[in-house]
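Spelled out from the first residue to the last, the chains are:
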Amino acid sequence: MTASLKDFLEACENLGTLRIIVTSSAGVLEVRAPLQKLFYIDLPKGKYANMHTEDFEFHLNMDKIVQVKFETGKSKRGDFTTYAIRFLDEKEEVALSIFLQWGKPGEYEPGKVEAWQQLREKYGEVWQPAPLVG
C-alpha cells in the first residue's frame, strides 16, 4: 500500500478514544483522547503531525517513523483483548503506541474494534509509510 503516514493518521480519527503512549528510558506518558483535528508543519528537523487540546499537545516527527505495526494482546489487568498500533523509528524501537481505549475492561466504543480491524486489513499487519513529499 502506498500511503503516507499523514493519510494513516487521518484514518485513525475513526478509532474514537485512544490511549496515546510515549515511553522514554525514564518515564511513560499516557493520554486518553481521540486523534483529531491534526495539523501539519514542516520544520528543518522534520515534518510534524500536531494536535492541541485543552489538556495537552501532541507532536510527532513523521520523518522518524519508518514502520507501523498492528498488534493484539492480552490486557495486563483483566482478561480481554487489547488493540494497539505501534509506530517504529529507524532503530525499530517503538516511538509511539496507540491503543483502543476501553470503558469497563474489555468494553470498547461501538464499532471501534471493527474500525481498527478495517485499518489493519487495509494497511496490513506491518506497514511502511510512503515518504512524505513537499
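Before reading further, recall that the structure is shown in the block above.
Conventions adopted
Residues numbered from 1 in each chain as written. Predicted model: local features only at pLDDT ≥ 70, side-chain atom pairs only at ≥ 80, totals over all residues. Heavy atoms only, no water. Helix = DSSP H or I, 4+ residues; strand = E, 2+ residues; numbered from the N terminus. Pairing = 2+ DSSP bridges. Axes fitted to C-alpha atoms, helices over the stretch in contact; angles between N-to-C directions. Salt bridge = Lys/Arg side-chain N within 4 Å of Asp/Glu carboxyl O. Buried < 20%, exposed > 50% of the residue type's maximum accessible area, 1.4 Å probe, protein only. Phe/Tyr/Trp six-rings, centres within 6.5 Å; stacked < 30°, edge-to-face > 60°. Lys NZ or Arg CZ within 6 Å of the ring centre and 35° of its normal.

## Concerning unusual backbone geometry
Part 1 of the reasoning: We note that Lys37 has phi near 55°; this positive angle belongs to a residue other than glycine.
Part 2 of the reasoning: By the secondary structure assignment, Lys37 is in the loop between strand 2 (28-34) and strand 3 (39-43).
Part 3 of the reasoning: One non-glycine residue, Glu92, lies in positive phi territory at about 65°.
Part 4 of the reasoning: Its place among the elements puts Glu92 in the loop between strand 7 (81-88) and strand 8 (94-100).

## With respect to the sheet that holds strand 9 (residues 126-127)
The strands making up a sheet associate through backbone hydrogen bonding, with each pair oriented either parallel or antiparallel.
Part 1 of the reasoning: Strand order in this open sheet of six strands is 2-1-8-7-6-9, and the pairing throughout is antiparallel. The sheet terminates laterally at strand 2 and strand 9, the two strands that pair on one side only.

## Notes on the sheet that holds strand 5 (residues 57-61)
Part 1 of the reasoning: Judged by pairing direction, the sheet is antiparallel, and its three strands sit side by side in the order 3-4-5 without closing on themselves. With one partner strand each, in any of the chains shown, strand 3 and strand 5 form the two edges of the open sheet. Mean inter-strand twist for the sheet, computed between neighbouring axes without regard to direction, equals 25°.
Part 2 of the reasoning: The pairing of strand 3 with strand 4 (residues 46-52) spans five bridges and is antiparallel. Looking at strand 4, one finds that Asp42 is bridged to Lys47.

## What to know about the pattern of salt bridges
Oppositely charged side chains may form a pair once their charged atoms are brought near each other.
Part 1 of the reasoning: The full count for this structure, using the stated rule, is five salt bridges.
Part 2 of the reasoning: Among the ionic pairs, Glu125 bridges to Arg120, the shortest N-O distance being 3.6 Å.
Part 3 of the reasoning: Glu125 gets classed as partly exposed once you look at its relative accessible area, which sits at 46%.

## Some remarks on the packing of aromatic side chains
Part 1 of the reasoning: Applying the stated rule across the entire model yields ten aromatic pairs.
Part 2 of the reasoning: Geometrically, the ring pair formed by Phe8 and Phe87 is edge-to-face, given 6.0 Å between the ring centres and 65° between the ring planes. Pair noted here: Phe8 is in helix 1 (residues 5-11) and Phe87 is in strand 7, with a separation of 79 residues, a long-range link. The two residues Phe8 and Phe87 agree in class, both being buried.
Part 3 of the reasoning: Taking the centre distance of 6.3 Å and the plane angle of 90° together, the rings of Trp102 and Tyr108 count as edge-to-face.
Part 4 of the reasoning: Through a chain of ring-to-ring contacts, the aromatic side chains of Phe8, Phe70, Phe80, Tyr83, Phe87, Trp102, Tyr108, Trp116, Tyr123 and Trp127 assemble into a single cluster.
Part 5 of the reasoning: We note Lys6 situated over the ring of Tyr40; from NZ or CZ to the ring centre the distance is 4.8 Å.
Part 6 of the reasoning: Directly above the ring of Trp102 sits Arg19, whose terminal nitrogen or CZ lies 5.9 Å from the centroid.

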